Amino acid sequence: MVTVRMPSPGRAGDGRVSSSSFSSMLPPSAPPPGGDRPAGPDVSVVPVTFHRPLCRARRATTSGSGRHCNDQALHSRGAPGAALPGREEKRGLARLCRPAACAVLAGLIVLPATSAAAEGSGATAPAKSSFAYVADSNAGRVSVINTATNKVIKTIQLPAGARPRGVAAAPDGSHVYVTDFGTGKVSVINTADNEVSATVPVGSDPGGVTVTPNGSHVYVTDSGSDKVSVINTADNTVSATVQVGKLPSAVAASPDGSHVYVTNFDSGSVSEISTADNKVTATVQVGSDPMGVTAPNNSHVYVANTASNNVSVVNTGDHKVETVQVDEGPMGMASAADGSRVYVTNASSNDVSTINTADNKVSAPVHVDLFPPAVAATPDGSHLYVTNSGAKSVSVIDTRTDRVTATVRVDDVPIGVAIASATTAPTAMTAQTATLTLSDWGRTLTVTGLSATLTSNGKPLPHQSVAFTNSSGDTPLCSGVTDANGTATCQATFNKGIRGNAALAYDLVAHGYKAVYAGDTTHAGSAAKARVHISVGSESVPDRPAQDTA
């Protein structure tokens, strides 16, 4: 049952609004006061007596676009001392005399009985979630982006003096490893809480980093000492160092974990290291100033040659090299999870090239932002995350359409990026009925009682941010943080003007509101919807409490 507040019938000229004057404002689905109930949604009409006139309809006209009041159709006195609507506001109010908006402003509302439940709930099952970790070099921080929403959910401060460069994620998503060019260390981030859990001293000027497929070791290029440091992830200690070429830049592991490949920028070569004994088994000459490297399969390695604007494709069996021309300044590289494609960032031409590994053909580049040095692919291969060092941003590319679908603002000079994927715990959310009030002749709209309770596996989930929006999610209301009981609350106030407030009020009362928990690296997101009840504002307080039926 849904309530319609109707003014009590009054005598002509007694200062009350007669029912007949409002009958012309009701939608076609509502009966005239005292008339037969129409077929369709169940509607109840409850009398409300106004102790001062709210409006008086003198003349109404009907056009093809619906029912409208003319500019002189509304008359309001207002409370003593209260500001009266000006001429333009009266005109705006008159134009709002459509069934929905005028009903809201007059203290009426007509809703289908199925508009919104008194309470709503939503739940999620355990899910595989992915997060992009971006090294913001000049800021000394790491930005964490939820790839489901493309929002930065946390910024991780690294130790003092940090200048993060490379980023790599453990295969199980439990940890992320960030090289610190400024301090000569590797920061280990625990993705469960996105805090730095350890720092590992390595060689000078560490840059590139990769994790072996079994997660047992991390390989780091020490560009200042022409070495590679090997970290045992069991105890976060350096278990070996390997001498390579001059100015080692990037490193990548083969899918089977038998070898890692290191680009040597000043030597124009690639060093092949056996992970069984950490010995260099081959050195292969490639193009000029090699930087990025990736191994999409066990048979080939792709190397980005920055100065020669091409990619060297190295056969890991006979070490023969094929050259593929790309755009200007190729730098960062990544492979699709299935090995079918290789992605190259071209830092000088501000775009990304895609190489089909079946025939090494290059597709048309995708334009991104200024100076992209690195790229990472999501586990399902559907999206790329490209850092733009000159724009403080990350471009998100849909690999199915080869279009940039989002741009995420991060911190100063983003360089490295990696995707960490892990299974998140399920969550459930319930939302309670809120109350909407229009006051100051419709100029102020307030929503109180916005409340949602978040749980995981039946237990309250505290210290989590919950966003409250309209039902469709395109109008933010406010946000709150869950307390010890898992409950977040907030209040929203809008001053959109009479027209804007009326539209928002009708939207909220007709469709309810939505509470959204975006999730984090350990918990899946969830959402719930609930009803918004309308309350009469201070300019239209009834002589007796309004009677609501449900």
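Please refer to the structure higher up on the page.
Residues numbered from 1 in each chain as written. Predicted model: local features only at pLDDT ≥ 70, side-chain atom pairs only at ≥ 80, totals over all residues. Heavy atoms only, no water.

Undergrad: Mind showing me how you'd approach the nonpolar core here?
TA: The nonpolar side chains of a soluble globular protein tend to be buried, and buried together. Core analysis: the largest hydrophobic core is formed by 30 residues, its most contacted members being Leu436, Leu450, Phe468, Leu477 and Tyr513. Ranked by size, the runner-up nonpolar core spans 15 residues in total, among them Val142, Val167, Val176 and Ile189. (Core = buried A, V, L, I, M, F, W, Y, C linked by side-chain atoms within 4.5 Å. Buried < 20%, exposed > 50% of the residue type's maximum accessible area, 1.4 Å probe, protein only.)

Undergrad: So what exactly am I meant to see when it comes to the sheet that holds strand E9 (residues 164-169) here?
TA: Taken together, four strands build an open sheet; the order of strands is E9-E10-E11-E12 and the sheet is antiparallel. Because the sheet does not close on itself, it has two edges, and the strands there are E9 and strand E12 (195-201). In this sheet, neighbouring strand axes are inclined to one another by 25 degrees on average, regardless of whether the strands run parallel or antiparallel. For strand E11 (residues 185-190) and E12, the ladder comprises six bridges, and the chain directions are antiparallel. Residue Ile189 lies in a different strand from E12, and its bridge partner there is Val196. (Pairing = 2+ DSSP bridges. Helix = DSSP H or I, 4+ residues; strand = E, 2+ residues; numbered from the N terminus. Axes fitted to C-alpha atoms, helices over the stretch in contact; angles between N-to-C directions.)

Undergrad: Just to check I follow, could you spell out the environment of Cys490 for this structure?
TA: Tracing the sequence through the fold places Cys490 in strand E41 (residues 487-494). Exposure remark for Cys490: the relative accessible area of 15% places this residue in the buried category. It is 6.3 Å that separates the C-alpha atoms of Cys490 and Cys478, two residues lying 12 residues apart in sequence. Aside from chain neighbours lying at most four places away, what touches Cys490 is Val447, Gly449, Leu450, Phe468, Cys478 and Ser479. (Contact = heavy atoms within 4.5 Å.)

Undergrad: Help me understand the packing of aromatic side chains in this model?
TA: The relative placement of two aromatic rings is captured by the distance of their centres and the angle of their planes. Inspection of every chain in the model, using the stated rule, returns one aromatic pair. With 6.1 Å between their ring centres and 45 degrees between their planes, Phe468 and Tyr513 make a pair best called tilted. Of the two residues, Phe468 sits in strand E39 (residues 465-470) while Tyr513 sits in strand E42 (residues 513-517), which places them 45 residues apart along the sequence. With a relative accessible area of 0%, Phe468 lands in the buried category. On the basis of relative accessibility, which here comes to 0%, the residue Tyr513 falls in the buried class. (Phe/Tyr/Trp six-rings, centres within 6.5 Å; stacked < 30°, edge-to-face > 60°.)

Note that all results are geometric; they support no functional claim without further evidence.
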